[in-house]
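Results of the structural survey
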Protein chains: 2
Amino acid sequence: MDAAQEARNREAFRQAVVNTLERRLFYVPSFKIYRGVAGLYDYGPPGCAVKSNVLAFWRQHFVLEENMLEVDCPCVTPEVVLKASGHVDKFTDLMVKDEKTGTCYRADHLLKDFCKEKLERDPNITAEKAAEFRHVLAVLDDLSAEELGAKIKDYGITAPDTKNPLSAPYPFNLMFQTSIGPSGLSSGYMRPETAQGIFVNFKDLYYYNGNKLPFAAAQIGQAFRNEISPRQGLLRVREFTLAEIEHFVDPEDKSHPKFSEVSNLEFLMFPREDQVSGLSARRIHIGEAVSKGIVNNETLGYFIGRVYLFLTHLGIDKERLRFRQHLANEMAHYAADCWDAEIECSYGWIECVGIADRSAYDLRAHTEKSGVPLVAAEKFSEPREVEKLVIAPVKKELGLAFKGNQKMVTVALESMGEKEAMEMKATLESKGEAEFHVCTLERVVTIKKSMVTILKEKKKEHQRVFTPSVIEPSFGIGRIIYCLYEHSFYTRSSKGGDEQLNVFRFPPLVAPIKCTVFPLVQNQQYEEVAKRIAKSLTATGISYKIDITGTSIGKRYARTDELGVPLAITVDSTSSVTLRERDSKQQIRVNVEEVASVVKEVTDGFSTWADMLWKYPTHSSSATED
Amino acid sequence: MDAAQEARNREAFRQAVVNTLERRLFYVPSFKIYRGVAGLYDYGPPGCAVKSNVLAFWRQHFVLEENMLEVDCPCVTPEVVLKASGHVDKFTDLMVKDEKTGTCYRADHLLKDFCKEKLERDPNITAEKAAEFRHVLAVLDDLSAEELGAKIKDYGITAPDTKNPLSAPYPFNLMFQTSIGPSGLSSGYMRPETAQGIFVNFKDLYYYNGNKLPFAAAQIGQAFRNEISPRQGLLRVREFTLAEIEHFVDPEDKSHPKFSEVSNLEFLMFPREDQVSGLSARRIHIGEAVSKGIVNNETLGYFIGRVYLFLTHLGIDKERLRFRQHLANEMAHYAADCWDAEIECSYGWIECVGIADRSAYDLRAHTEKSGVPLVAAEKFSEPREVEKLVIAPVKKELGLAFKGNQKMVTVALESMGEKEAMEMKATLESKGEAEFHVCTLERVVTIKKSMVTILKEKKKEHQRVFTPSVIEPSFGIGRIIYCLYEHSFYTRSSKGGDEQLNVFRFPPLVAPIKCTVFPLVQNQQYEEVAKRIAKSLTATGISYKIDITGTSIGKRYARTDELGVPLAITVDSTSSVTLRERDSKQQIRVNVEEVASVVKEVTDGFSTWADMLWKYPTHSSSATED
C-alpha cells in the first residue's frame, strides 16, 4: 500500500470515528447555532462521562496512590506571575498576515504544508529539492522569524485562502488577555497551564507536608491558548483540561522509593540518540533505561512507568504508545531531561503527556520576582563543617551603577547557584568584569569586580538550604481522550450482514454508561422489573440507561454498542434476566436480585466477564439478538 | 445580648473559622507571594478534597439519580451568545469612582454601609431618619443610577479610603472581556454562568433524549464575574465553580412524576407574602406549598425538596437553611417563580442556590438571535382539530418601514406567543398600530395594521410545537462550602483544659481525608503494620493520612480533628488496632485485617458508628488520648 493510499485510509477511519462521536454527542463544536468558534468544543453527555471517568481514575492512580497534595487555583492570573514564569515574553507563535484581508496564519504551518505538499504531490521534484524540503521539515521548530520569513519568500508561499502576499512573520502571544477589576489598570491572563498556581504556593505546601521532601502537588483544571488557527479537531484547541503534577525533590537525590514497583515494565521508548541516528522506537525496560542513564533519574523513570500504566489501563493500545525523549534543541535550557508520551492516531504521533525534569527553574524565577524565598532545608542531625559560598554584593557600587534597579541586581546576585557564582568569580578575577543575566530586568548587565565579593568560607552548618528540583508530568486530558476514542473504535457487520455497526470497546472504567436495561417486549410486568433493577443500579452508583421503546433488541444493542456501554440487561422474565457483554456478545442468565451487584463487580474491576461466564449459566437465544 | 455584642461574637467566630481554614490550607488568597488579587482564592489540599467530595455527591444526587444529561462547555464565549442572553447589555453593577485617585466602589455598597453605620452607631439619630435609612436598605436593589447618585449626594457620602468626592454612579459590565483569535476583531467573554452552554445545545440534547420532554441537562464548571470590589472572603469572588441544572418541561404540564418522594418534607420557607407582611420564615410542607400555590408548580417544588436533601446531607444545619421566594421586583420580568436556598452564616443569610422557573425566555432569545428554532414537539396519537394562530408578516410593508432590520422584525413577529399576538391583533384593530419590542434590535418599534395579519384558523394538526419552559437550580459551590465550614466548626477543651481545640464535624461524605493511621510509638513493627493498613486503604479507595512522627497521640488527634477527619486508626499492637471516632472520641478494637473494610463501611455510609460500637469491643485507654 503506498503512502497516498495509507493517508486516504487514515482519513476514512478518522471520518468514521468523528462522525460517530459527533452524532452521538461525545463532542460537538461549541456555539454551533451561531456557526461556532474554531478550537472550542463541547463535551456532550457521553463525552462528559468519559472525561469524568478519566479524571477520577487519574485522581485514584496518581493523587491517592502517591498521597499528592491536590490544589485548585483560579484561571484568571495577574500579569506579574506570568511575567516571572516567562509566558508574557516567550509564550508566542510566529504569525503571518494576509496583506489584503488581514487573515492570520501560523508561519510554520504554512511552510510545513508547502513542503509536505511538494514531497507528496509533485512528481517532477528533483532529489536535491526533495532533500531540501525534508531538511526544512526536520528543523522547522528551530527556525527564527527571519529564517521562516526568508523561506516563505523564497518558495513564493501565499495566503492559502486568497493567494494574496503574506506579511513577514512576527510573534503573537498565545495567552487570552483580560483586565482584572474595574480600573482597567490591572492586566491579567487566562492561565496557559495550571503549574504556576502550584509553584507560587510552594512555601505553604512544603509546610503542609511537614517541611519534608520529596512531595508532589497536583492540579486538574482548565487552561487556555489563543491558537492562531486551530486545526486537528480535539487535538489543538483554545481551551482544554490539564492535569499536572509537580513533584519536588532534593536536586542531590532524585531516587524514588517505589521505583522497583515499575522497574520491570517494558515498553516502546525512543531515546534522543536513536532519533538522531534515524532508528525507530524500541522496547526498553524502564529499569535498564534509568541504570544506563538513558533516562536522567529514578523519579523521572518512576513517573514514565506510572504514566505507561495509566494510559494502558484506560485502553490506549500499547503498540501505539511510545515515550520520546526531547532532542537537545527541543528542551528548555534549564531542563535536565524531558520525555513525551506520544500516542499514534490518524493525525500521526501526538504528544499527550509531557514528563519533564525542570530543575529549579520555576521556583528560582518566582523567588527572584517576588522576593519570597521558595526553598527547602535539610536539617543535619549534627552540625557539619561545610565550605559555604558567600556572595556579598557591595551595595554602594551597585547603587551608583544601577540606581533604581539596584535591588533587583542584588537579589539576582545573591540567588546565584554555586557553579554560576564560581564562574563569575573566575571571570571577575581574570577580566575585571562579567556579563550577568538578571531575570527580573530581562537583560544582561555588566558586573565589575568592585561590585561583589564571592568567596568560599568554612562554616559550621545546622542545615542545608536549597531550591528543590521539580519533575513535572503534565497531561493533556482532551488529547488522551481523543486518542482513546480512535484506539477503542471498530466496526462489525450486523447479523444480517447488510450494515456496518460501530463499537467503542471502552474498558468499564472509561465507559460513559456502565449498562443498559431493556424490557424485551413492551409489557407492564417487564417494565416494572426494569425499573426495579434501575433503582438498585442507582443505589450502587452504577450509571445506566433504560430504554423502554419498542425498538428491536438488536437495534437497541447497536445503539448502546456505539456508546461503548459494556453490559446490557434484557428483561425477558420476571425472575431472571439476560446479561450481555458488548464485544463478545456472549450472554448469561442472572437473577433479578443479583444483577446489579454482578454489573458492579465487573465494572468496578473486582471480577472479569470470564469469571461471570464460569459462575452463571450462559444463554443463547436468537430471540434477543437479531 | 445587644446587637453590637452579637455582631462582635459573629466576627470572633468567623475569625476562628477563617484562621483555622487558612492555617490548614483549606484555602488561601491566590498569588499570595505577589500580595494576591482581591476576590481570587486557591483551595489547598483539604479544601480541594472537600470540593471534589461535594461535586461527586452532587453528581450522584442529581445527575445520576435523575438521569440528567451532563455537558461540559468552554469558559471562553463569543460575544453573540452573551448578547442574546442579555449579559452584554444588562450584567452590570453601578460603580462610583473616587474623583481624585480613580479607585472604584460599588455604589449600592457605599450607600448600604452608610445607612447601616448610621443605624448601628449613631445614638442621636431621629426616629424619622432611622425609618428613612431602613427604607433605603429595603429598596436598595431597586434604585436606579440616578436615585443612587442622588442619595449619595444628599448624605454627603465620600470615598471610604480618602474622603474624596465621588463620581455619579455608572454601570460597569461584570464580565471579563477578551479577544478570540489573533485578529483582535472577535470579542469574547469569560462566561458569567454555565447555563448558556446548555441552552445553545438544546436542539442536540433534545434529540439525544429521543425528542422527549421533560429532561434535564447539567453542567459543572468555572464562571467569572469581574466584581468591582470583592469582599466577604469566599462568598463574593471573581472566579467560582457553578453547578447548574436546566430542566426542560412542557409549559402546559409542569407536574413531576417523583414529586411524591419529596412532598412530605417540611422545612423553613419564606414566601413572598410573609416577607412583605414582615413575618419570619416558617416550617412548611413542600407538598402543601405546591398544592396551595405558594410554590408555582410541582417541578419547582420537587427541586426545592431535592436541594434541601442535598444541602442537609452535606452537613448544612437545617435550622439555618431557608428557602426564600423572590419578591416581585427581584425577579426577572420573564420568570414565573424563583426561590433561593439561603444559608445563615456569620455574614447573614447568604444565597447559595437559586431555583428559578425561567419560562421560555432563554430558548426564545437564542431562537431569535440565531434563527435556529429551539423548540419541542408533542406528537398527537391522532390528528386534532385545533384553532391555530397564524401570524403572516407582510414583507413588502415591513421592508419599506425597517429596511435592513426587516428580517429581525419578521422573525420577532413570527415568534410571538399566542397571548402576545392576540393582544397585538386587538390593538391593531382598535388603534391601527401597536408598539412592539424586538429583542434582537433591543428597541421598541411601531407595527402598523398593514404590516402583519394575525388570525386564528381551524386546522388538523399532527403535533403541537412549542418552546419548552426551563426550571433552573443553580448552585454556587464555593458559597455552599464556606457555609458548610461555618456550620461544621466547633471548639472543645483539650484534656488538660489548658487549650481550645478546633474541630470540623464533617460527615464522612464531605471529610477531606477519611481516616488517619498512627503508630502509637515509633517502632519498626508498628510502622510496618501501619503501612500494611495504608496499602489496604488505598486499594479500597479510602483517602488517608499516615503520621509516623513521634508527636503524642493527643496532639496527632487534635491535628486531624482540625481537618475534620472522622476516623483515626492507632496501631498499638501487631494484631489489632484502636479505631477512634472524631466527635464522640469513642474507641473500639478491630483486627488489623478488618480495619480498612470497617472504615469503608462507615465512610461510605453503609454502616454507622453506632453499628460498629455494637459490633466491636470498645476500648478505653488514657494511654492513647492525652
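Residues numbered from 1 in each chain as written. Chains lettered and ligands numbered in written order. Predicted model: local features only at pLDDT ≥ 70, side-chain atom pairs only at ≥ 80, totals over all residues. Heavy atoms only, no water.

**Re the overall build of chain A**
Counting secondary structure elements, chain A contains 21 helices and 28 strands. Taken over the C-alpha atoms alone, chain A extends approximately 95 × 70 × 55 Å along its principal axes. Relative to its 626 residues, chain A shows a buried fraction of 54%. Sequence-distant contacts, at least 24 apart, represent 67% of the contacts inside chain A between residues at least 6 apart. Carbon and sulfur atoms form 50% of the exposed surface of chain A, whose accessible area is close to 27700 Å². (Helix = DSSP H or I, 4+ residues; strand = E, 2+ residues; numbered from the N terminus. Buried < 20%, exposed > 50% of the residue type's maximum accessible area, 1.4 Å probe, protein only. Contact = heavy atoms within 4.5 Å. Areas by Shrake-Rupley, 256 points an atom, 1.4 Å probe, with all protein chains shown as cover.)

**Section: the side chain of Ser488(B)**
Following the sequence through the fold, Ser488(B) ends up in helix H17 (residues 477–488). Excluding residues that lie within four positions of it along the chain, Ser488(B) makes contacts with Val503(B), Phe504(B), Arg505(B) and Phe506(B).

**Brief notes about the domain arrangement of chain A**
By domain assignment, chain A separates into domain 1 (3–73 + 191–361 + 471–477), domain 2 (95–168), domain 3 (384–464) and domain 4 (513–615). Between the C-alpha centres of domain 3 of chain A and domain 4 of chain A the distance comes to 71 Å. (Domains from an automatic or database assignment.)

**A closer look at helix H14 (residues 395–402) of chain A**
Residues and elements named next belong to chain A. Within H14, the full set of buried residues consists of Leu-398, Gly-399 and Phe-402. Down the axis of H14, the buried set is contained in an arc of 105 degrees. They therefore lie on one face. Exposed residues lying more than 90 degrees from the buried face of H14 are Lys-396 and Leu-400. In the core, the buried residues of H14 are packed alongside strand E17 (376–393), helix H15 (406–414) and strand E19 (443–448). Just downstream of H14, Lys-403 is the residue with a positive phi angle, here 45 degrees. (Arc of directions from axis to C-beta.)

**Brief notes about the interface of chain A and chain B**
The interface is formed by 73 residues belonging to chain A together with 73 residues belonging to chain B. Between chain A and chain B, a total of about 6300 Å² is buried, with carbon and sulfur atoms accounting for 64% of that surface. Here chain A and chain B share four salt bridges between them. A salt bridge links Asp204(A) to Lys32(B), with the shortest nitrogen-to-oxygen separation between them at 2.7 Å. Scanning the region where chain A abuts chain B turns up 22 residue pairs in polar contact (both at pLDDT 80 or more). Of the residues forming the side of chain A that touches chain B, the biggest block, eight residues, is contributed by helix H2 (residues 45–64) of chain A. The residue inventory of the side of chain A that touches chain B, partitioned by class, reads 40 nonpolar, 19 polar and 14 charged. (Buried area = accessible area lost by both parts, 1.4 Å probe. Salt bridge = Lys/Arg side-chain N within 4 Å of Asp/Glu carboxyl O. Polar contact = N/O pair within 3.5 Å; in protein donor to acceptor, adjacent residues only side chain to side chain. Nonpolar A, V, L, I, M, F, W, Y, C, P; charged D, E, K, R; others polar.)

**Observations concerning the packing of aromatic side chains**
All names here are of chain A. Within this structure, the stated rule accounts for 58 aromatic pairs over all chains. Ring geometry for Phe-202 against Tyr-206: centres 5.5 Å apart, planes inclined by 15 degrees, an arrangement best described as stacked. Taken together, the positions of Phe-202 and Tyr-206, both in helix H9 (residues 202–208) and four residues apart, correspond to about one turn of that helix. Like Tyr-206, Phe-202 is buried. (Phe/Tyr/Trp six-rings, centres within 6.5 Å; stacked < 30°, edge-to-face > 60°.)

**Description of the confidence of the model for chain A**
Summarising the model, chain A shows a mean pLDDT of 92, and 99% of its residues fall at 70 or more. Note on the complex model: pTM 0.88, ipTM 0.87. (pLDDT = per-residue confidence, 0-100.)

**Some thoughts on the nonpolar core**
Formed by 205 residues in total, the largest nonpolar core has its most connected members in Phe323(A), Phe475(A), Phe323(B) and Phe475(B). Look past the residues within four positions of Phe475(B) in its chain and what remains in contact with it is Trp58(B), Phe62(B), Thr241(B), Leu242(B), Ala243(B), Ile245(B), Val307(B), Phe310(B), Cys352(B), Val353(B) and Ile480(B). (Core = buried A, V, L, I, M, F, W, Y, C linked by side-chain atoms within 4.5 Å.)

**A few points about the sheet that holds strand E21 (residues 469–476) of chain B**
Residues and elements named next belong to chain B. Sheet architecture is open: nine strands sit in the order E3-E10-E11-E21-E16-E15-E14-E12-E13, paired in mixed fashion. Of all strands in the sheet, those with a lone pairing partner are strand E3 (69–70) and strand E13 (282–285), marking the two edges. Sheet analysis places strand E11 (residues 239–249) next to E21, joined by six bridges and oriented antiparallel. Bridge assignment links Ala-243 to a residue of E21, and that residue is Phe-475. Across the sheet, helix H12 (residues 298–314) lies against E11, strand E12 (266–270), strand E14 (321–325), strand E15 (337–345), strand E16 (348–357) and E21, angled at about 145 degrees from E16, the strand it touches most. (Pairing = 2+ DSSP bridges. Axes fitted to C-alpha atoms, helices over the stretch in contact; angles between N-to-C directions.)

**Some details on the packing of H2(A) against helix H17 (residues 477–488) of chain A**
All names here are of chain A. One way to put it is that H2 packs onto H17 with a least axis distance of 11 Å and a crossing angle of 115 degrees. The orientation of H2 with respect to H17, classified from their angle, is roughly perpendicular. For the crossing formed where H2 meets H17, the hand is right-handed. Of the residues in H17, those in contact with Gly-47, Val-50, Lys-51, Val-54 and Leu-55 of H2 are Ile-477, Ile-481 and Tyr-485. Considering only residue class, the contact of H2 with H17 consists of six nonpolar, one polar and one charged. (Parallel < 35°, antiparallel > 145°, perpendicular 65-115°, else oblique. Left-handed = near helix turned anticlockwise from the far one by under 90°.)

**Regarding the packing of H2(A) against helix H12 (residues 298–314) of chain A**
All names here are of chain A. Interaxial distance between H2 and H12 falls to 11 Å at its minimum, and their mutual angle equals 145 degrees. In the packing of H2 onto H12, the handedness of the crossing is right-handed. Across the interface between the two elements, Val-54, Phe-57, Trp-58, His-61 and Phe-62 from H2 touch Arg-306, Val-307, Leu-309, Phe-310, His-313 and Leu-314 from H12. Partitioned by chemical class, the residues of the contact of H2 with H12 number eight nonpolar, two polar and one charged.

**Considerations on a negative patch on the surface**
There is a patch of like negative charges on the surface, built from Asp141(A), Asp142(A), Glu146(A) and Glu147(A). Checked against the element boundaries, Asp141(A) lands in the loop between helix H6 (127–139) and helix H7 (145–154). (Patch = residues over 30% accessible without salt bridge, like charges linked within 9 Å, V, L, I, M, F, W, Y side chains within 5 Å. Lys, Arg positive; Asp, Glu negative; His and termini not counted. Charge placed at Lys NZ, Arg CZ, Asp CG, Glu CD.)

**Brief notes about the relation of the copies chain A and chain B**
Overlaying chain A with chain B gives an RMSD of 0.1 Å, the required rotation being 180 degrees about an axis along which the chain moves by 0.0 Å. One copy is carried onto the other by what is essentially a two-fold rotation axis. When each C-alpha of chain A is compared by its distance to the rotation axis, Thr178(A) comes out closest, at 2.7 Å. A share of 100% of the interface residues of chain A reappears at the interface of chain B, consistent with the copies meeting face to face through the same patch. (Least-squares fit on C-alpha atoms with pLDDT ≥ 70 in both.)

**Quick word on empty space enclosed by the protein**
Residue and element names in this part refer to chain B. All chains considered together, the criterion is met by five cavities of 30 Å³ or more. Approximately 190 Å³ is the volume attributed to the largest cavity. Tyr-41, Tyr-43, Val-237, Glu-239 and Phe-240 are the residues nearest the centre of the largest cavity, which is lined by 15 residues in total. Breaking the lining of the largest cavity down by element, the ones donating at least two residues are strand E2 (41–43) and E11. Ranked by the residues each element gives to the lining of the largest cavity, the list is headed by E11, at three residues. Here the lining of the largest cavity is composed, by residue class, of eight nonpolar, four polar and three charged. (1 Å grid on protein atoms, 1.4 Å probe; cavity = no way out; pocket = protein on both sides within 12 Å on 5 of 7 lines; lining within 4 Å. Points joined across faces, edges and corners; volume = space filled by probe spheres on them.)

**Quick notes on the UniProt feature "domain: Aminoacyl-transfer RNA synthetases class-II family profile" (unreviewed entry) in chain A**
In the numbering used here, UniProt assigns the feature "domain: Aminoacyl-transfer RNA synthetases class-II family profile" (unreviewed entry) to residues 15–508 of chain A. Between the end C-alpha atoms of residues 15–508 of chain A the distance is 25 Å, and the span holds 34% helix and 30% strand. (UniProt positions renumbered as here; feature names shortened; annotations may be inferred.)

**Some remarks on H7(A)**
For the α-helix, the turn length of 3.6 residues means that residues three or four positions removed from each other point alike. Residues and elements named next belong to chain A. Within H7 the residues assigned to the buried category are Ala-145, Leu-148, Gly-149 and Ile-152. Taken end-on, H7 shows its buried residues confined to a sector of 100 degrees, consistent with a single buried face. Relative to its buried face, H7 has exposed residues pointing more than 90 degrees away, namely Glu-146 and Asp-154. Against strand E5 (92–97) and helix H5 (107–121) lie the buried residues of H7. Of the residues one or two after H7, Gly-156 is the one with positive phi, at around 65 degrees.

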